[in-house]
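Listed below, chain by chain, are the residues.
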Amino acid sequence: MKTTWIVVIAAALVLIGIGGVAGHKMTTTDAFCSSCHAYEKASWDYGMHPEVGCLDCHSGGFVRDKTQGARKVWLVFTGQVDPHHDRLSSYPDKTMSNCVRCHLTDEAGEQAPFFVARHSEYLQAAQYCIACHEPGHVERIRDMRYLSVRAD
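Rules used in this analysis
- Residues numbered from 1 in each chain as written.
- Predicted model: local features only at pLDDT ≥ 70, side-chain atom pairs only at ≥ 80, totals over all residues.
- Heavy atoms only, no water.
- Helix = DSSP H or I, 4+ residues; strand = E, 2+ residues; numbered from the N terminus.
- Buried < 20%, exposed > 50% of the residue type's maximum accessible area, 1.4 Å probe, protein only.
- Contact = heavy atoms within 4.5 Å.
- Areas by Shrake-Rupley, 256 points an atom, 1.4 Å probe, with all protein chains shown as cover.
- Expected span 1.5 Å × (residues − 1).
- 1 Å grid on protein atoms, 1.4 Å probe; cavity = no way out; pocket = protein on both sides within 12 Å on 5 of 7 lines; lining within 4 Å.
- Points joined across faces, edges and corners; volume = space filled by probe spheres on them.
- Nonpolar A, V, L, I, M, F, W, Y, C, P; charged D, E, K, R; others polar.
- Arc of directions from axis to C-beta.
- Patch = residues over 30% accessible without salt bridge, like charges linked within 9 Å, V, L, I, M, F, W, Y side chains within 5 Å.
- Salt bridge = Lys/Arg side-chain N within 4 Å of Asp/Glu carboxyl O.

Asker: Got a sec to walk through the overall build of the chain? Specific residues and values, please.
Answerer: When you go through the chain residue by residue, the secondary structure sums to 8 helices and 0 strands. The secondary structure elements of the chain, listed N-terminal to C-terminal, are α-α-α-α-α-α-α-α. Evaluated residue by residue, the chain yields a buried proportion of 18% over its 152 residues. The long-range fraction of contacts in the chain, counting pairs at least 24 apart against all pairs at least 6 apart in sequence, stands at 73%. With the model as given, the accessible surface of the chain reaches about 11,300 Å², and the carbon-plus-sulfur share is 64%.

The following block contains the structure:
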C-alpha cells in the first residue's frame, strides 16, 4: 500500500514536471503572445526590428513572468481584463540593454564613431533609449486596438 502511494506521487510529480516544461515552452513563443496581442504583433512586424521576439523586451524574468501571466489569465477568465485592449508590461532597462547590445557595440563604433559618441552623450541626459526613440512598434497600428467597432 505504501509503495503504491510512492509510485502515484512520483508519477504525479513527473507529469507536473513535463507539463510545466511544455507549458513554459509554449508560453514563451511570439505565436502565444500574439494569440491575444495581435495589434502589438502587427505593429511590431511593420516596425524597425521585426526579427526581435516579444520576450526580448516584454519579460521581467521567469518567476515574474509566470506569476504575472497566471494573474493575467485569472483576470481574463473572470472578465476583469480584455486581453485585446490591455497594455503590455514593458521593462525599459531590458529594452535598453537590447538596444545597446546591437547599436552601441565596438563594431558600430568603428563603422560610425560619430553615432556612438553622440548617443553616449545623449544617454547621460536620458535614462533609456525609448526616451527619444519609439521602441519598435508602429504606434498607428498598435493603437488601432483601442478603436471601437462601429455599427453601420
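After that view of the structure, there is still more to cover.
Asker: Talk me through helix α4 (residues 62–77); I want residue IDs and the actual numbers.
Answerer: The end-to-end C-alpha distance of α4 is 22 Å, a good match for the 22 Å that 16 residues give at a rise of 1.5 Å each. G79, located one to two residues past α4, shows a positive phi value of around 75°.

Asker: Go over the layout of surface pockets, please, and point to the residues and values.
Answerer: Taken as a whole, the second largest pocket encloses approximately 610 Å³ of empty space. Lining the second largest pocket are 27 residues, and of these H49, C99, H103, C129 and H133 lie nearest its centre. Elements represented by at least two residues in the lining of the second largest pocket include exactly α5 (92–103) and α7 (113–125). Class assignment of the residues belonging to the lining of the second largest pocket gives a composition of 17 nonpolar, 7 polar and 3 charged.

Asker: Would you mind going over the side chain of S43 in detail, with residue names and values included?
Answerer: As for its position among the elements, S43 is in helix α3 (residues 38–45). In this structure S43 touches G136, H137, V138, I141 and R142, once residues within four positions along its chain are discounted.

Asker: Tell me about α3, residues and numbers included.
Answerer: If you check which residues of α3 are buried, you get E40, S43 and W44. An end-on view of α3 places all buried positions within 100° of arc, on one side of the element. Packing partners of the buried residues in α3 comprise α8 (139–142).

Asker: How would you explain a nonpolar patch on the surface if you had to name every residue and give the values?
Answerer: Taken together, the side chains of M1, W5, V8, I9, L13 and I16 present a nonpolar region at the surface, about 720 Å² in accessible area. Locating L13 in the fold gives a position in helix α1 (residues 2–27).

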